Each structure stands twice: as C-alpha cells, then as structure tokens.
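These are the residues of each chain, in order.
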Amino acid sequence: MDFSRQEEKTQEYNIIIIGETGSGKSTLINYLTNFFHGGNLNQLRLSIPSKHYEATEGLNHYEQNVADTSKSQTSKCTEYNFHKDELLFGFIDTPGLCDTEETNNDEKNILEIMQTAVEKGTLVAIMIVVNGTQSRATACLRHALDEMKNMIPDSFLGNIIVVLTNCNRATANFDISQLKPWQVIQQNQFHMNNSILSKPESAWINDPYLKKHIEEDWNESMKTIGRMIDRLKHLGCQATTAFEKMHQQRDQIMSNLHHILNHLGNLQNLQNELDDAELSKRGILKDIKKYSNYKQTREVAYTEIEESQFLSHICASCSRICYEDWVAKASLRGRFTKRLDDWLKYIKGIAKSYLTVLGENYCDKCHCPDHEHYHDHMKPVKKMKTIENIIDEIKASHDHYMQRNVEVDDKISELHDDMAAIKIALHLKEAAILTCCEELKEVCSQFNFVKALSGIIEILKKRASSLRYTSARNDAYDRINNITRVFNDLSSVQSKRKTI
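These figures come from a predicted structure and were not determined experimentally.

## Some points on the environment of K76
Here is step 1: Following the sequence through the fold, K76 ends up in the loop between helix 1 (25-37) and strand 2 (78-84).
Here is step 2: Taking the C-alpha atoms as reference points, K76 and T94, 18 residues apart in sequence, are found 6.1 Å from one another.

Okay, structure coming up:
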C-alpha cells in the first residue's frame, strides 16, 4: 500500500513483523503510520482500526474483531509502505501466532510468512514483537517463539530486531535471554509504550496526569521509531534466497514423506493383489488336477502278418493267406484216414471239373483265380493293442486352466517385481529426506524437525499399522523409525546448542 507515489526508482527496505497474538504488531504499524505521516496526539493517523479509534488512511486491511485481543486481528500478510528520504520502507504485518482459537493455523501462517519473504526478494530485518510486561515466556509465547525459530534462517540472525511493547527500558520485564539461542545485540532492541491507543481520548484528555504520561510515552515512542529507522538503514538489505531454500527443502521433505505414505499404500494394494493371485493359483491347480484325466484307453485285437520259416499260399487279390505254413502242415495229413482223403479228392474233383468247365482254375479257400496266388514265407499273427482316446471337452478345460496358470504365474512375478521396485523407491525417498534435513539444518539450525513434521509421521505410522503382513509392517516401521531418529538427532543437536 503506497502512501505516496514517486516515479523515480527508490531503494526498498522490507521488514517482516512477527509475534504472538496480542503482542501489539498492529499497534506498531499504527505508530509507524504516525511517524511517517506526521500524526500527533491531536490528529492520529491510523492505518488499522483499533478498539477505540477508527482508521484514517482509507487503506485496505485484514483486521477482524479489534475488540478481542485474544484472537489474531490480522488474517493474512499485509504490506504497509512508507516513503522517506527517497527510501521505501515496507512493513509486512503477519497473522499472529498462537491464536487462542486457531493455533492449528500457525503452520499455515508460517508458510505464508516464508512465501511472502521469498516473493519480496530482499529483506532488511525480521522484527519480533513481544509484550514487554511479561516477565517469563508463557506457554503461548514459548510456542510462538518456537514457531518463529522454525522460519528464520541463520543468515538473518544478525538482522533480528526485537520490539518490546507496553513498556520502556526501565519498566520492561521480559528478559531477552529467553530468546536463546538467538543473541539479539543491544542496538537491535527497542522499547515502546504504546499507551495512546489502549485508551479512548476521553479517558485522558481532561486528566493532566494521564495526559502528561501519554505525551511523554508518545514522544519517546516517536524517538524510538526514529532510531529504529536509522538502524534499519545501517543493517542494509539481504537477499531472501535463504528463505526460499528453507521453503524448498521443507516442501521437499514433506513431498518425500507424502510419497512414502503413498508407497506404503501402494505396497498394501500390491500385497492384496498378490494374496488374491496366489489364492487364484491354488484354485487353478486344483482345476488342472480335476481335468487332467482327459485321456481314455481300450484294448483292441488285430492281426499282423509276420515272417515264417514255412511257405504260405497267399492271394494277391484279396490279401488272404489261403494256406498258412501249408508245407509244414502237409506232413501231418498222413495221419488222416484214407477215407477222408478220398472224400476230399472227390469233392475237389467235382469242383475242378466245374471250374474247368468255366475255363479257369480257382482257389478252394478264397475262390479267387489260381494265377492270382503266390507263395511266400509269411503267416498271420493275432495281437492286442491299446488305443488312447482324448475327450475333447475335458481336454479343452484342462488347456484353459493350464493357460490360466501361466497367466497367474506371470502376474505373481510382476507383482513381486513391483513390490521390489516400491521398496527401492522407499529407500531412495528415505535417503532424500536425510539429505534435505541436513541441508535445511545448514540453513536454519533451529528448525524443529520433530514438531514441524510430527503430524505426517503419525499418519505414516497409522498407514504402516494397516499393513496386513508382519514382514511388510515391520519394514515400514523400520523406515519410519529411521526417519524419526534423524529428526530426533537433529533436534537433540539444537537442544544442546540452546544449553550452551
């Protein structure tokens, strides 16, 4: 928000103001407005409305219920720009940390503050506003300080300015040493008693005692702001690349943790598919066994012609062996009775006479012409053989399940490969997280890994507990414990530094 417009190029001095809810950040902005715009007790110049006074500058702001100091009045980062001596001072008011109703928003607010710092490109200082009347850091203040330490890179530690509100140097109760391990030098400490905005004008204008003290506080506050501006000029600007690197490393850690979360879910899904595939395979093997009896056999009698040491009388026309081993058997016919021989000769004679009349001699066995016969050393042998019949329907079922078995084996192999690939990816993500943590630690030694990342670690543990198989579950727990151990080790290093 520009309070004056200048065409010439001016040097920018950007300052981020952070603090817990109710510490007086918005009041400090109003005092700065009066300093730069020449406001006074008789004519206050306010950028932000307060409990007792309306805003006078007609600027957009993001203040909410100004009457409730327990809740953050600033809902998003707001920049207030002031020009002086050809310099532009940009004071960025940020949402209060440790809001009584929206403490869970601190992480979101911190990310917005870091993003704002990155977008500005340069910063001259980080101004921490603390209620100076507090002698000890309350739980809320300690929470706010811890959150601040998560966002300020080490390269900016020399550019931290602390403003103790509601007090002067003599009445301040807050001990700066409570900001350890930060060491804020005396030149970067300022005190402001901003009592003018805490009371309506009617409460002091007619009271000489109150009016005197308010005037003194006002004049001292304006002098303090003058010294503060001089100190900001002396500090000079720094690039906000450290904020950008912190932001990137934190995002990378969160991204890797989220990938691990997804990988664990995918691992569970693959394990479920593997279970189903192995169950299917067992059923397929049963079906293969069930349909394996697709062949049937039976014994069949047949005659085979084999070589013989004796001659046989064979018909070439009908392939009949008319006289088997007829020379050998002829030697046995001498035992036949002469009557039988005579009778046979008689019959043969009649047959030959008949056939002769027809003009051809015929075999008395096959009745084929004699000239179609020949003699050879062959004889018929009766044998048995086994014939195998395939039942097509059963064979088709058997082949189907054999093919299914091959497909399931291929799927099981692929699932094992995919699970192995996920385990490799988990290992790489785990290593990447370690690298990012070490790099983030180099930028911001006070970054609280355990606190900042505990939420997603708990989600990872829940996901790991849902894994059905003990081996996969134990592997997931080991990886999570390794990551947690890294966070704890880095936090323990920070704790040791705090005690030094």
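What follows continues from the structure just given.
## Looking at the packing of helix 1 against helix 4 (residues 208-235)
Here is step 1: Axis separation between helix 1 and helix 4 bottoms out at 10 Å; the angle between their running directions is 80°. By the angle between their axes, helix 1 is roughly perpendicular relative to helix 4. Note on element contacts: helix 4 touches helix 1 through W218, S221, M222, I225, G226 and I229, opposite Y31, L32, N34, F35 and F36.
Here is step 2: The residue makeup of the contact of helix 1 with helix 4, split by class, is eight nonpolar, three polar and no charged.

## Looking at the packing of aromatic side chains
Here is step 1: Using the criterion set out here, one finds 11 aromatic pairs in the structure.
Here is step 2: On the numbers, 5.7 Å between centres and 35° between planes, the contact of F36 with F89 is tilted. On the criterion of sequence distance, the pair formed by F36 in helix 1 and F89 in strand 3 (residues 87-93) is long-range, its members being 53 residues apart.
Here is step 3: On the numbers, 6.4 Å between centres and 55° between planes, the contact of F36 with F91 is tilted. On the criterion of sequence distance, the pair formed by F36 in helix 1 and F91 in strand 3 is long-range, its members being 55 residues apart.
Here is step 4: Through pairs of rings, three or more aromatic residues link up here, namely Y13, F35, F36, F82, F89 and F91.

## What about the packing of helix 5 (residues 241-290) against helix 8 (residues 392-443)?
Here is step 1: Where helix 5 meets helix 8, the axes come as close as 8 Å, and the angle between the chain directions of the two elements is 160°. Looking at the two axes, helix 5 sits roughly antiparallel to helix 8. Crossing of helix 5 over helix 8 shows left-handed handedness.

## Here we look at the sheet that holds strand 11 (residues 373-390)
Here is step 1: If you walk across this open sheet you meet the three strands as 10-9-11, and the pairing is antiparallel. Each edge of the sheet is formed by a strand with only one pairing partner; in this case those strands are strand 10 (321-323) and strand 11. Averaged over all pairs of adjacent strands, the angle between their axes in this sheet comes to 25°, without regard to strand direction.
Here is step 2: With 17 bridges joining them, strand 9 (residues 295-315) and strand 11 adopt antiparallel strand pairing. Looking at the pairing, S312 lines up with D376 of strand 11.

Rules used throughout
Residues numbered from 1 in each chain as written. Predicted model: local features only at pLDDT ≥ 70, side-chain atom pairs only at ≥ 80, totals over all residues. Heavy atoms only, no water. Helix = DSSP H or I, 4+ residues; strand = E, 2+ residues; numbered from the N terminus. Axes fitted to C-alpha atoms, helices over the stretch in contact; angles between N-to-C directions. Parallel < 35°, antiparallel > 145°, perpendicular 65-115°, else oblique. Contact = heavy atoms within 4.5 Å. Nonpolar A, V, L, I, M, F, W, Y, C, P; charged D, E, K, R; others polar. Phe/Tyr/Trp six-rings, centres within 6.5 Å; stacked < 30°, edge-to-face > 60°. Left-handed = near helix turned anticlockwise from the far one by under 90°. Pairing = 2+ DSSP bridges.

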